[in-house]
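Analysis of the macromolecular model
Here is what each chain is made of, one letter per residue.
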Amino acid sequence: MKALFKPKPKTPADLVRQTRDLLILADRGTDTKESKREEKMMELSKHIRDLKSILYGDSESEPVSEACTQLTQEFFRENTLRLLITCLPKLNLETRKDATQVVANLQRQQVQSRLIACDYLEKNIDLMDTLIAGYENTDLALHYGAMLRECIRHQTVARYVLESEHMKKFFDYIQLPNFDIASDAVATFKELLTRHKSTVAEFLSKNYDWFFAEYNSKLLESTNYITRRQAVKLLGDILLDRSNSAVMTRYVSSRDNLRILMNLLRESSKSIQIEAFHVFKLFAANQNKPPDIVSILVTNRSKLLRLFADFKTEKEDEQFEADKALVVKEIAALEPK
């Protein structure tokens with residue numbers, strides 16, 4: 001007889017609904033007894049862990065696409081994502097990690113060839129404000145940062161962040177004293193400035209003046225070695241990207257920018273020198289150098305040629321040697337304008 005009354009196994013959609021109900025309770029923080037509240041929070045942790053198992057599979061089985069589809073549809077049918085983000089501070093550390101992985105995976109789940117997470121986020125774009133502000137909270141920063149990077153895989157979401165006032169905050173987040181949080185902010189900043197080529201090119205063209213003023217003063221001229229190293233590497237990635245050619249031409253026509261790069265070339269750190277060289281070579285290779293750029297290069301010609309004479313990478317690098325030979329040739333042939 002007992003077999004007849006076995007509870008029906010929960011479907012993925014049931015699991016999402018029950019998780020949502022528990023999140024609503026957690027969000028309200030109603031005056032239930034402490035023991036009852038703890039029980040509910042343990043149940044919520046288990047549900048979030050189960051959601052993760054469906055999406056990622058476990059040691060015994062791979063994820064089942066039909067179950068993932070059901071889970072994803074139910075998750076974005078109502079406000080489960082908003083509740084999960086809002087309630088994250090109330091969850092314990094392990095559950096926060098599970099929740100972060102659930103949110104990350106859902107950004108990639110397709111339902112009938114559509115990323116429905118993207119549709120949901122477009123209608124609930126203010127959630128990005130919450131995730132970005134997470135960098136100001138030591139306990140939440142790494143979880144919200146990881147969620148944010150997954151959300152900006154969607155171009156419309158990345159555009160919202162790029163065009164928002166939040167972009168200016170990243171220059172401060174990157175310099176936070178907590179190394180892990182600062183590194184996470186750098187990872188997000190890099191993703192924003194390299195993933196969606198056309199959107200990034202448009203953003204940089206429209207916001208050139210304030211963006212590079214901040215970039216130069218707060219990052220390239222930072223007193224922090226790691227900040228300078230990461231910033232000059234990212235600058236090279238941005239300027240050497242073909243889609244940013246108009247921005248690159250503008251950047252290498254500025255004497256202030258050239259001075260900053262020449263200072264970075266003189267750093268004691270080999271890695272900063274090498275990364276700075278990759279940007280400096282764009283100034284040297286520019287066939288339409290403004291007179292003041294030519295003037296600076298001519299004035300510093302002997303110092304630059306001496307520097308490049310024994311300028312080497314740790315491993316043999318044919319491309320680097322070819323670039324260096326070209327830069328030396330360009331500088332040696334310069335005539336004052």
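Residues numbered from 1 in each chain as written. Predicted model: local features only at pLDDT ≥ 70, side-chain atom pairs only at ≥ 80, totals over all residues. Heavy atoms only, no water.

Structural notes on the overall build of the protein
- A count of helical and extended segments in the protein gives 20 helices and two strands.
- Over its C-alpha atoms the protein spans a radius of gyration of 26 Å, topping by over 25% the 20 Å that the globule rule assigns to 337 residues.
- Its C-alpha atoms give the protein principal-axis dimensions of roughly 95 × 40 × 35 Å.
- Classification of the 337 residues of the protein by burial places 47% in the buried group.
- Pairs at least 24 residues apart make up 71% of the contacts formed inside the protein by residues separated by at least 6 positions.
- Of the roughly 17800 Å² of accessible surface on the protein, 50% is carried by carbon and sulfur atoms. (Helix = DSSP H or I, 4+ residues; strand = E, 2+ residues; numbered from the N terminus. Rg over C-alpha atoms; globule rule 2.2 N^0.38 Å. Buried < 20%, exposed > 50% of the residue type's maximum accessible area, 1.4 Å probe, protein only. Contact = heavy atoms within 4.5 Å. Areas by Shrake-Rupley, 256 points an atom, 1.4 Å probe, with all protein chains shown as cover.)

Points about the environment of lysine 197
- The residue lysine 197 is located in helix H12 (residues 197-206) in this model.
- We classify lysine 197 as partly exposed; its relative accessible area is 39%.
- Non-local contacts of lysine 197, meaning those with residues more than four positions away in its chain, are made with Asp241 and Ser243.
- For lysine 197, the side chain forms a polar contact with the main-chain oxygen of threonine 194, separated by 3.2 Å.
- At a separation of 2.7 Å, a polar atom in the side chain of lysine 197 contacts the side chain of aspartate 241. (Polar contact = N/O pair within 3.5 Å; in protein donor to acceptor, adjacent residues only side chain to side chain.)

Let's talk about the layout of surface pockets
- The volume enclosed by the largest pocket comes to roughly 220 Å³.
- When contributions to the lining of the largest pocket are tallied by element, the ones reaching two or more residues are helix H16 (255-265) and helix H19 (301-309).
- Broken down by element, the residue count for the lining of the largest pocket peaks at four residues, all from H16.
- For the lining of the largest pocket, the residue count by class is five nonpolar, two polar and three charged. (1 Å grid on protein atoms, 1.4 Å probe; cavity = no way out; pocket = protein on both sides within 12 Å on 5 of 7 lines; lining within 4 Å. Points joined across faces, edges and corners; volume = space filled by probe spheres on them. Nonpolar A, V, L, I, M, F, W, Y, C, P; charged D, E, K, R; others polar.)

Overview of the packing of aromatic side chains
- Tallied over the entire structure, the rule returns 27 aromatic pairs.
- A centroid spacing of 6.5 Å and a plane angle of 85° characterise the contact between phenylalanine 171 and tyrosine 215, whose relative ring orientation is edge-to-face. With phenylalanine 171 in helix H10 (residues 166-173) and tyrosine 215 in helix H13 (residues 208-220), the pair connects residues that are 44 residues apart, well separated along the chain. The same class applies to phenylalanine 171 as to tyrosine 215, namely buried.
- Sitting over the ring of tryptophan 210, lysine 168 keeps its end group 5.0 Å from the ring centre. (Phe/Tyr/Trp six-rings, centres within 6.5 Å; stacked < 30°, edge-to-face > 60°. Lys NZ or Arg CZ within 6 Å of the ring centre and 35° of its normal.)

Here's the deal with the confidence of the model for the protein
- Residue-level pLDDT values for the protein average 93, and 96% of them are 70 or greater.
- Mean pLDDT per element in the protein: helix H20 (residues 318-332) is the minimum at 90, and helix H8 (residues 141-151) is the maximum at 98. (pLDDT = per-residue confidence, 0-100.)

Focus on empty space enclosed by the protein
- Under the counting rule described, the total for this entry stands at two cavities of 30 Å³ or more.
- Here the largest cavity is characterised by a volume of approximately 60 Å³.
- Around the largest cavity, the lining residues are Ile174, Val186, Phe189, Tyr215, Leu219, Thr227, Gln230, Ala231 and Leu234.
- Secondary-structure elements contributing two or more residues to the lining of the largest cavity are helix H11 (179-194), H13 and helix H14 (225-239).
- With four residues, H14 is the largest single contributor of residues to the lining of the largest cavity.
- Its residues assigned to classes, the lining of the largest cavity comprises seven nonpolar, two polar and no charged.
- In this structure, the second largest cavity occupies an estimated 40 Å³ of space.
- Leu193, Thr194, Lys197, Val200, Asp237, Ile238, Asp241, Ser243 and Asn244 together form the lining of the second largest cavity.
- Only H11, H12 and H14 provide two or more residues apiece to the lining of the second largest cavity.
- A class-by-class count of the residues in the lining of the second largest cavity yields three nonpolar, three polar and three charged.

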